[in-house]
Amino acid sequence: MLKQRIITALILLPLFLAGVALTDVFGFSLFIGAIVTLAAWEWAQICGLMSQTSRVSYAAMTAVVLLACSHLPAMLILSIALLWWIGALAIVLTYPASKAFWTPSMTRAVAGLLILVPAWKALVAIRGGVFVLEPGFDTKWIILYIFLIVWFADVGAYFAGKTFGKNKLAPHVSPGKSWEGAVGGMLAVSVLPFAMNSFLTLTLPQLVVLWMMTLSAAIFSVVGDLIESLGKRFVGLKDSSQILPGHGGIFDRIDSVTAAAPVFLVLAMFSGWMQG
């Protein structure tokens, strides 16, 4: 399994970097849109849609929603996303008390759209220069920074959890995660703002704001992971699919990003760190 994971990761990482670096804005929107549509096909099972026809229909509906949302203001969608992720945090922290809310399949179908669509909108808005850090700054670095938040949080949590993990973070949702692992992930992420500052000339207050936004995005990246774990546990799935050998499905790879990207961007806008 470890060998499969390594081989798959070595193939996926160059493909992802090429998708970010070598495409124009339209190509990037299609690239991320294809990933999101595949993830929607996987999420359809969590909605209780098990036949291929119904799963493809849900994925097609998601693609149509992406097209419709391409014409809507980014801040509208991102503000809705922020409210959703605050609600999702409450859902995972109170589960199984929140089980009644999560039970209707329509709730999970709407949740899938609230998870996937704003993430696509956030990444495409950044890539398209709808929101800018400073004139002339390559927006691809912001996208990479968001993914680094997720990767650092994930790796830090893995090693801290393996070494020190004793207290369960959300035992009814994802028994493998611990508070010690979560803290380790946040400590790992804390180095990123200082690395980012080597490309910028931020004042100390700006650096503090970036650090706070980075930690907030990292915290919600854990929520993104947990809400997918809750969905899978609810219908008895181990992985969202078997598309990626050793890694499960597409959704299993992007669950944290779906929360981190919109949360980071909306906080950047509200704080004035990025301008629209």
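Structure first, text after, so check above.
Treat the numbers as computed from the prediction; the structure is a model and nothing was measured.

Asks: How would you explain a nonpolar patch on the surface if you had to name every residue and give the values?
Replies: A cluster of nonpolar side chains, Leu-13, Leu-17, Trp-151, Phe-152 and Val-191, forms an exposed patch at the surface whose accessible area comes to about 400 Å². Listing elements by their share of the nonpolar patch, those giving two or more residues are α1 (2-21) and α7 (139-164). The residue Trp-151 is located in helix α7 in this model. Trp-151 sits in the partly exposed class, given a relative accessible area of 33%.

Asks: Lay out the packing of α7 against helix α10 (residues 204-235) in plain terms, naming residues and giving numbers.
Replies: Following both chains from N to C, one finds α7 and α10 inclined at 60°, their axes separated by 9 Å at the closest point. By the angle class used here, α7 and α10 are oblique. Read as a crossing pair, α7 and α10 show a hand that is right-handed. Contacts between α7 and α10 involve Tyr-145, Ile-149, Val-150 and Ala-153 from the first element and Leu-210, Thr-214, Ala-217, Ala-218 and Ser-221 from the second. Residues that form the contact of α7 with α10 fall into these classes: seven nonpolar, two polar and no charged.

Asks: Residue-level account of helix α11 (residues 250-271), with values.
Replies: End to end, α11 covers 32 Å across 22 residues, agreeing with the expected 32 Å (1.5 Å per residue, within 8%). Where α11 bends most, the angle comes to about 30°, and this point is Ser-256. Within α11, 18 of the 22 residues are buried, which leaves it mostly tucked inside the rest of the structure. The first or second residue beyond α11 is Gly-272, which carries a positive phi of 85°.

Asks: Give me the packing of helix α4 (residues 74-94) against α10: which residues, what numbers.
Replies: Where α4 meets α10, the axes come as close as 9 Å, and the angle between the chain directions of the two elements is 60°. On the basis of the axis angle, α4 is oblique to α10. Taken as a pair, α4 and α10 cross one another with a handedness that is left-handed. Within the contact between the two elements, α4 uses Trp-84, Trp-85, Ile-86, Ala-88, Leu-89, Ile-91 and Val-92 and α10 uses Phe-220, Val-223, Gly-224, Leu-226, Ile-227 and Leu-230.

Asks: Just give me the short version of the pattern of salt bridges, but keep the residues and values in it.
Replies: All told, the structure shown has three salt bridges when counted by the stated rule. For Lys-232, the salt bridge is made with Glu-228, and the minimal N-O distance between the two is 3.9 Å. One end of the pair is Lys-232 and the other is Glu-228, both in helix α10 and four residues apart, which spans about a single turn. No difference in accessibility class separates Lys-232 from Glu-228, as the two residues are buried. For Asp-252, the salt bridge goes to Lys-232, with nearest N and O atoms at 2.9 Å. Of this pair, Asp-252 sits in helix α11 while Lys-232 sits in helix α10, and the two are 20 residues apart along the sequence. Judged by relative accessible area, Lys-232 falls into the buried class, the value being 10%. Shared partners join several salt bridges into a network, and the residues in it are Glu-228, Lys-232 and Asp-252.

Conventions used here
- Residues numbered from 1 in each chain as written.
- Predicted model: local features only at pLDDT ≥ 70, side-chain atom pairs only at ≥ 80, totals over all residues.
- Heavy atoms only, no water.
- Patch = residues over 30% accessible without salt bridge, like charges linked within 9 Å, V, L, I, M, F, W, Y side chains within 5 Å.
- Areas by Shrake-Rupley, 256 points an atom, 1.4 Å probe, with all protein chains shown as cover.
- Salt bridge = Lys/Arg side-chain N within 4 Å of Asp/Glu carboxyl O.
- Helix = DSSP H or I, 4+ residues; strand = E, 2+ residues; numbered from the N terminus.
- Buried < 20%, exposed > 50% of the residue type's maximum accessible area, 1.4 Å probe, protein only.
- Axes fitted to C-alpha atoms, helices over the stretch in contact; angles between N-to-C directions.
- Parallel < 35°, antiparallel > 145°, perpendicular 65-115°, else oblique.
- Left-handed = near helix turned anticlockwise from the far one by under 90°.
- Contact = heavy atoms within 4.5 Å.
- Nonpolar A, V, L, I, M, F, W, Y, C, P; charged D, E, K, R; others polar.
- Expected span 1.5 Å × (residues − 1).
- Bend = angle between axes of the 7 residues up to and from the residue.

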